[in-house]
Amino acid sequence: MNYEQHYLTTLFEPKSIAIIGASETPGSIGATLVRNVIDGGFKGKLFLVNPRHETVFGQKAYDSVESIPHRLDLAVICTRAETVPGIVDACGRAGTRNAIVISGGFAEMGPRGANLARSMLDSARRHNLRLLGPNCLGLMRPSSQLNATFAHGSANPGTIGLISQSGALCTAILDWALPNGVGFSNVVSLGAESDIDFGEILEYMVADPRTENIFLYIEGIKNARRFMSALRAAARCKPVLLIKVGRHPAGKQAALSHTGALVGADDVFDAALRRAGVVRLGNVGQMYAAAQALFSHFRPHGNRLMIVTNGGGPGVMAADHAADIGIPLAELSEATLTKLNEALPPTWSKSNPADLVGDADPARYATAITTCLEDENVDGVLAILTPQAMTDPTQAARAVIEVAKKFDKPLVTCWMGEEQVREARMLFKGAGIPTFRTPEPAVELFSHISHYYRNQQLLMQAPASISDHTPPRLESAKLVIETALSEGRKKLNEMESKALLAAFRIPIAQTVVARSPSEAMVLAEEIGLPVVMKIDSPQITHKSDSGGVRLNLNTLAQVRDAYNEILDEVKKNRPDAIIHGIAIEPMIQKANGRELVVGMTRDQIFGPTIIFGPGGTSVEAGGERAVALPPLNRFLVADMLASTRVSARLGEFRNMPPVSMEALEAVLLRVSEMVCELPWIREMDINPLIVDENGAVAVDARIAIENLPLTAGRYDHMAIHPYPSHLVSQYQAKDGQTVTIRPISPEDADMEQEFVRKLSAEAKYFRFMNTLRELSPAQLVRLTQIDYDREMAFVAITEADGKQTEVGVARYAMNPDGESCEFAIVVADDWQGKGLARRLMGVIIDTARSRGVKYMNGDFLAENRRMLQFVTSLGFVLSPHPEDSGLKRGVLVLN
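Residues numbered from 1 in each chain as written. Predicted model: local features only at pLDDT ≥ 70, side-chain atom pairs only at ≥ 80, totals over all residues. Heavy atoms only, no water.

So, the packing of helix α7 (residues 224–237) against helix α9 (residues 266–276)
Right, so step 1: At a minimum axis distance of 9 Å, the contact between α7 and α9 shows a crossing angle of 40°. The angle between α7 and α9 falls in the class oblique. Counting all contacts with α7, which are made through F227, M228, L231, R232 and A235, the residues of α9 involved are F269, A272, L273, R275 and A276. (Axes fitted to C-alpha atoms, helices over the stretch in contact; angles between N-to-C directions. Helix = DSSP H or I, 4+ residues; strand = E, 2+ residues; numbered from the N terminus. Parallel < 35°, antiparallel > 145°, perpendicular 65-115°, else oblique. Contact = heavy atoms within 4.5 Å.)

Some words on the sheet that holds strand β23 (residues 549–553)
Right, so step 1: The strand order β21-β24-β22-β23 describes an open sheet built from 4 strands, whose pairing is antiparallel. With partners counted over all chains shown, the strands left at the sheet margins are β21 (512–514) and β23, one partner each. Taking each pair of neighbouring strands and ignoring which way they run, the sheet shows an average axis angle of 30°.
Right, so step 2: With 3 bridges connecting them, β21 and strand β24 (residues 581–586) associate as antiparallel partners. (Pairing = 2+ DSSP bridges.)

Structural notes on the environment of E376
Right, so step 1: Topologically, E376 is positioned in the loop between α13 (362–374) and β17 (380–385).
Right, so step 2: Residue E376 is classed as exposed on the basis of its relative accessible area, which comes to 70%.
Right, so step 3: Once the C-alpha coordinates of E376 and T336 are considered, the two residues, 40 residues apart in sequence, prove to be 9.7 Å apart. (Buried < 20%, exposed > 50% of the residue type's maximum accessible area, 1.4 Å probe, protein only.)

Observations concerning the nonpolar core
Right, so step 1: Among the nonpolar cores identified, the biggest contains 62 residues, and I19, I100, L216 and F606 are the most heavily contacted of them.
Right, so step 2: No other element matches the 7 residues that α7 contributes to this core.
Right, so step 3: In contact with F606, other than residues within four places in its own chain, are A224, F227, M228, V268, F269, A272, L629 and A719.
Right, so step 4: With 52 residues, the next largest nonpolar core counts I744, M751, I797 and F870 among its residues. (Core = buried A, V, L, I, M, F, W, Y, C linked by side-chain atoms within 4.5 Å.)

Considerations on a negative patch on the surface
Right, so step 1: Taken together, the side chains of E762, D829, D830 and E863 present a region of like negative charge at the surface.
Right, so step 2: Here E863 lies in the loop between β36 (855–861) and α27 (865–873).
Right, so step 3: Given the relative accessible area of 47%, E863 is considered partly exposed. (Patch = residues over 30% accessible without salt bridge, like charges linked within 9 Å, V, L, I, M, F, W, Y side chains within 5 Å. Areas by Shrake-Rupley, 256 points an atom, 1.4 Å probe, with all protein chains shown as cover. Salt bridge = Lys/Arg side-chain N within 4 Å of Asp/Glu carboxyl O. Lys, Arg positive; Asp, Glu negative; His and termini not counted. Charge placed at Lys NZ, Arg CZ, Asp CG, Glu CD.)

What about the pairing of β24?
Right, so step 1: Of all 6 residues in β24, 5 are buried; the element is thus mostly enclosed.
Right, so step 2: Pairing geometry for strand β22 (residues 531–536) and β24, over 6 bridges, is antiparallel. In the sheet register, K534 faces β24, and the bridge partner there is A583.

Regarding the packing of helix α3 (residues 84–93) against helix α4 (residues 111–126)
Right, so step 1: Orientation of α3 relative to α4, taken along the N-to-C sense of each, is 5°, at an axis distance of 8 Å. As judged from the angle between their axes, α3 and α4 are roughly parallel. Facing V84, P85, V88 and D89 of α3, the residues of α4 in contact are L116, S119, M120, S123, A124 and R126.
Right, so step 2: Residue composition of the contact of α3 with α4, grouped by class: 6 nonpolar, 2 polar and 2 charged. (Nonpolar A, V, L, I, M, F, W, Y, C, P; charged D, E, K, R; others polar.)

Here's the deal with the pairing of strand β38 (residues 887–893)
Right, so step 1: Where β36 meets β38, 7 bridges bridge the pair, whose relative direction is antiparallel. What sits directly across from M856, in β38, is L892.
Right, so step 2: Summarising the sheet, strand β37 (residues 877–880) and β38 pair through 4 bridges and their orientation is antiparallel. Within the sheet, the bridge partner assigned to S879 lies in β38 and is R889.
Right, so step 3: Here β37 folds back onto β38 in antiparallel fashion, the turn holding 6 residues.

What follows is the structure in C-alpha cells.
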C-alpha cells in the first residue's frame, strides 16, 4: 500500500483559487478576502469573480467560475445564501475540487435556510466537490502563505493546528497569538459543517507534518463515531487540547442555534474525551497558557503535585485549588525529607507545600526543587515566589531555569507581583517554562498536563466486547428481547430484566410473580421469609412512588395483607396502570451493604453510556454519578470508580468493612458486555445493586428496548468500536506449528517493531517502498493503535517457550469514499512460500466484504513480480498506476 497525499491537500495547499463575490467595497467580506489572499503572498493562481465589475483591485474579474480558463483547486464563496447552491453547481461543472462557503443564512436561519443548505450539498455531491462551511471564517495555512479568511490580520507559521466551530473565537485567538509569538500550521473555521466536519479536518492534521499540536473549539458534534475515531487517531500521535462550550442549558441552546449541531450531556462528553486521550480546557485563558507551555520540554508523568514557595499564604492558595480540582499533593519519601532537612533551615514547613520561608535565596530554591523532582512520588513541581525584602526574583528565576534543564518532569512557576518580577517572567518565557501571576492558573495548567498523561493511558485501552470470564448465555438473552419486541413491548418486566442480567452472569435476587393472595403466600414460603413484594406493571417505573412496594415481610399473614394493600394503593394512585400481579423476592439483608446504581443510557450523540453512582432512593440526587463509554476493561473500570465521590464510601466507612471491589468490577464488566452485545437495549437500571464485603447482588432491574434498523452492524450503536475478539482464529501450519491470526492491539507495539526490524532489506523495500531500518514511534502508533471501525490489521503469531512472535501482518484502511479500501501485507522471510500470505489475505478480504466494502485496492512496485502474480491469483485486476510509472494498481471487486 502506498501512502499518498491526503485527499484534502488541495484544500489546504491549493495551486489555484477563485474568490466568488470579490469586491473593492471597503469593509466588505469580498474585499477583505481578496486583500488577505494578495497581502498574504499566495504564490498560486488567483482568479476573481464578480459579474458587475470588469476588474477588482486592478485584476480581471470574471462573470462566473465557468468562464475561468483554469481548473480550480479552491473556490471561496461569499455571496448571498440564495445564490450559493447555483454557484456550487457551477463550480462542480467547472471541475473545482473544493469550496469554502463563507456566507451565512442556511440551517441556522430555519426551514428556508435548511432547504438552501440541502440544495448546496446536493450540488456539491453530484460533482464530487468538497465543501467547508457554510457560515465560516475560512482557512489559513501560514507556511503556504495562504490566508483565505476575512479575519483582520494574519498568523505566524508554527506548529499548532487550530480547528474551531466559531469564527469569532478564531479571530480572538489570532489577535492574541501574533504579538505573543505563537504560530499556527493551520487555522480552520468549520462553520455549520454541511460537508467537511471535525473528523476529516482532524485526519488531515494527523497526516500533516507541519502540525505538532492540535487545539479544538467545539460547540456540538454531528457524527460521534467519526469524531471519536479521528480524535483518538490524532491524540495517539499529537497532543490535542479542546474547549467545549454548552456545559449548562443556556450555553447549550446558544450552541444549538449557532451551529445546528447537537450537544450531548456534558459528563458524557468528558467521558468521551478521557477515552480519546484528549485534555479539556475550561476557557480561552487556559488555551493561551497551554499554547505557550504546550508540553514544551517536559513529559507528563502523573498527577502528584509538589508546591515549593517562600510564603505560606500563596502555598495554601495553590493547595486549596489543587484540592478543588482533584489534584493530589505529592507525599515526599523519607529519603527526600531527610535531604531537605539537611539542606533547609529548621523553620521550613517539613510538608507539602514546602515553605522555604521568606529569606529563601536562589540556591535554596534550586536545592529544594531539585530534591523534590528527584523523588519518585513527585510528578511535577509548582514553584511560587513572592518578592520579599531578602528576595532576588531574577536570580531565583535563573536558578530554577538551570534546574529545569536537568528534568523532564513538569515545572510550573508563579512569580507573584509585577514590577520586581517582570524580568524573571521574561526569563521564564524565553526558557519555555510556564509562568503565571497567581497560583490558581498555574495549578490548572499542571492539572491539564496530568490529565493528558492519564487520558493517554485510557486511550491505550482496547477492550473486547466480551471479557475473558465465563461467556454469557447470549442466545438466551436475545430470545427474551425478541419475544418482548414481537409482542410490541418496549419495556421488559422485572423478571425479564433479571433474566438478561442472569444470562450475563450478574447475580440477581430471584423474582416470581403472584396473581392472588394465596399464591403469594405459597411462593413466599418457597422462597423463604422475609420477602419483598413489588407491583408488576409495565406502566410503573418508580414502584415506591405509587405505593407498590412492601419490605421485610416476616410472616405469611403479612404477605397476604401486603398483597391486598399494594393492589388497593396502586389502583388509587395509578388507575391507568395495567397490573400483571405482585412480584415476590427474598429480602436481601446485608448489614454492611452499600446501595448503588449501575445502569446504561443512550446519549443522543455518543450512544450507549454506562452510569455508576449511589443507589436506592438517592439515585437522582447529588450529581455523584460516574460515566464511561463502553467497552470497558479492568483498567477503565478502576478509572471510572475513582472518578466519583461514591468511591470513598466503598472502602472502610462508618465501621463497615470495604466492599468487594472485585465483585463490583465484575458487574460493571458484565454490564459493558450487555451494552456491546445487545444493541436493542435503550436504557437499563440496576437499582439497587447491593454490594458488601462478600459480593454483589442486583435487587431490582429495569430495561427498556427498541427495534434496530435492518442494516445495523454489530457495533454500529457504539461510539468506540470494541476489540473484535470474535475475529480471532487459529490453524495448523504444514510444519505442525499453531498459528494464531487475530486483530492487532496496542500491546503489540514491541512485537511489531521486532517483526519489521528482522525483515530483509528487500521485504522492507517491497512493503514500505523505502529502505527504513525500523518504524518510528509515530509509525508504530499508527500501525498498532487502529480504529477497528474504519481499518483492520491482522497479525499472524506463533508461540514458543511462552514468547509470542509475529510472522506476518495484513491490513486494510477505508478510503474517504466509504466504498473502497487500500490493503498491505508483509510476511516474515522464513515464512514465505508456506501459504501464510494467502491465509492472511483471505481473512482481510472476508472481513472487508462482510463490512460492505465494495473494492479493495493496492499499489505494488512494478518490479515486485512475485507480489503481482500473487494478487492476480486472488482476483485482483492490475493496471498502470495513474500517477507513478514505477507502480501497478490492483483492484479486487468485493461486493
